[in-house]
Amino acid sequence: MTSTETAVAQRGPTRSRATTILGGVVLIGVAVWLFLAFVASGPDIRTTAEGNTIGQFDAVRLLYIHVPLVITAYSAFVVTAIGSFMVLVKKSVWWDLVAGASAEIGSLGAALTLLTGSIWGRPIWNTWWEWGDVRILTTLVLFMLSLGYLAVRRLEGTAEVRAKRSAVVGLLLVVNVAIVNKSVEWWADQTLHQNSTIAEGAIADLKAFTLFFSIVLGLAAYSWMMIHRFRLAWLERQYDRFGIDDAIAARRSEADHAQPVTQGESA
C-alpha cells in the first residue's frame, strides 16, 4: 500500500457519530412522512359557495414530495453560490468543495423537481409538460446550468483554475434561482402555475403540517447528504494531492538510482 492509500485509509469512513444519528433521524422522519402523506392526511377536496367540488384531490400528496424538492434544490444552489463567492474572494479550498458537493445534490433535486412536477401536472393541468410555461422553462434552465457547473469543475487544468472557472458559473445559479422563484409574479400570463400555496393559505390543518414536515425532512436529508459528499470530496482531493507527491517522489528516486557512477565513486 502506498503512502497515499495509507493516509486515506487512516481517515476511515465518511460517517461519524453525529451523521449516524442524523441519518437515523431522517429514516424515522421518512416513516412518519409516509404515514402523514399517504394515511393520515386526506385528499384536497373543497366546496365552493355555489356547491361545486374543487381541489387537487389525491394529487395534493405529490406536493409533499415536489415542494420539499424545490426548496432543497434552491437551498443547495444558494450554498453553491456562497461557496463560489468565497472561492473568488478568499481562494478557499474548503468552500470550493462545499460548492461542488452542494451543486451535485442541487442538480439531483432540480431533476426530481421537474419529474414530480410533470407527474403532478398530468391530473391537474391535463398535460405532462407545457413548453409555454415560464416556471417550467426557467427550472429547466436552472437544471441545465447546474449540469454545466459540474461539467466545468471537471475540465482540464489545475485545481485552482478549475475552482475559479466553476465559481463564476456557480454565481449564476443563485441568479437563476431568483428568476425561477419570481417567474410566476413577473410572467403571470405565461404560466399555469399558481402563486405559492403556502403564502396564499390554500392548504391548512394537517395538510399544512404535513407539507411543513416534508420541507424540514427534505432539508435534513440534504444536510446528511451534504456532509457525506463533502467528506468524500475532501478525501478525493487529498488522494489527488498526495498521489502527485508520491509520483514525484518515485520519479526522483528512479532518477537518483539512474545516475552514472563516477570514477571517484568506483574507486
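Residues numbered from 1 in each chain as written. Predicted model: local features only at pLDDT ≥ 70, side-chain atom pairs only at ≥ 80, totals over all residues. Heavy atoms only, no water.

1. Structural notes on the nonpolar core
Right, so step 1: By size, the foremost hydrophobic cluster in this structure holds 17 residues, and its most contacted members are Tyr 74, Phe 77, Leu 142, Tyr 149, Leu 173 and Val 177.
Right, so step 2: Broken down by secondary-structure element, the contributors of at least two residues to this core are helix 3 (63-90), helix 4 (93-125), helix 5 (134-152) and helix 6 (159-186).
Right, so step 3: Element by element, the count of residues in this core is highest for helix 5, at 5 residues.
Right, so step 4: Setting aside chain neighbours within four positions, we find Tyr 149 in contact with Thr 80, Ser 84, Ala 99, Gly 100, Ala 103, Ser 166, Ala 167, Val 169, Gly 170 and Leu 173.
Right, so step 5: Counting 13 residues, the second largest nonpolar core, distinct from the first, contains Trp 33, Ala 37, Leu 211 and Leu 217. (Core = buried A, V, L, I, M, F, W, Y, C linked by side-chain atoms within 4.5 Å. Buried < 20%, exposed > 50% of the residue type's maximum accessible area, 1.4 Å probe, protein only. Helix = DSSP H or I, 4+ residues; strand = E, 2+ residues; numbered from the N terminus. Contact = heavy atoms within 4.5 Å.)

2. So, the packing of helix 3 against helix 6
Angle between the axes and distance between the axes are the two parameters that describe a pair of packed helices.
Right, so step 1: Two elements in contact, helix 3 and helix 6, have axes separated by 8 Å at closest approach and are oriented at 140°. The crossing of helix 3 and helix 6 is left-handed. Here helix 3 contributes Tyr 74, Phe 77, Val 78, Thr 80, Ala 81, Ser 84, Phe 85, Val 87 and Leu 88 to the contact with helix 6, which in turn contributes Ala 163, Lys 164, Ser 166, Ala 167, Val 168, Gly 170, Leu 171, Leu 173, Val 174, Val 177, Val 180 and Asn 181.
Right, so step 2: For the contact of helix 3 with helix 6, a count of residues per class yields 15 nonpolar, 5 polar and 1 charged. (Axes fitted to C-alpha atoms, helices over the stretch in contact; angles between N-to-C directions. Left-handed = near helix turned anticlockwise from the far one by under 90°. Nonpolar A, V, L, I, M, F, W, Y, C, P; charged D, E, K, R; others polar.)

3. Considerations on the side chain of Arg 135
Right, so step 1: Position of Arg 135 among the secondary structure elements: in helix 5.
Right, so step 2: For Arg 135, which is buried and forms no salt bridge, the nearest opposite charge comes from Asp 133, at a distance of 6.3 Å.
Right, so step 3: Every residue in contact with Arg 135, bar those within four places of it in the chain, is listed here: Val 180, Asn 181, Ser 183, Val 184, Thr 191 and His 193. (Lys, Arg positive; Asp, Glu negative; His and termini not counted. Salt bridge = Lys/Arg side-chain N within 4 Å of Asp/Glu carboxyl O.)

4. Some points on the confidence of the model for the chain
Right, so step 1: On average, residues of the chain score 83 in pLDDT, and 78% of them reach the 70 mark or higher.
Right, so step 2: Taking the mean pLDDT of every element in the chain, the minimum, 47, falls on helix 8 (residues 263-266) and the maximum, 95, on helix 3.
Right, so step 3: Low pLDDT, under 50, characterises residues 1-5; the stretch is placed with 8 contacts to residues that sit more than four places away or in other chains. (pLDDT = per-residue confidence, 0-100.)

5. Some thoughts on helix 4
Right, so step 1: Its 33 residues place the ends of helix 4 46 Å apart at the C-alpha level, agreeing with the 48 Å of an ideal helix rising 1.5 Å per residue.
Right, so step 2: Between the side-chain oxygen at the start of helix 4 and the backbone nitrogen of Trp 94 there is a gap of 3.4 Å, and the oxygen is on Ser 92.
Right, so step 3: The positive-phi residue at the C-terminal boundary of helix 4 is Asn 126, with phi of around 65°. (Expected span 1.5 Å × (residues − 1). Polar contact = N/O pair within 3.5 Å; in protein donor to acceptor, adjacent residues only side chain to side chain.)

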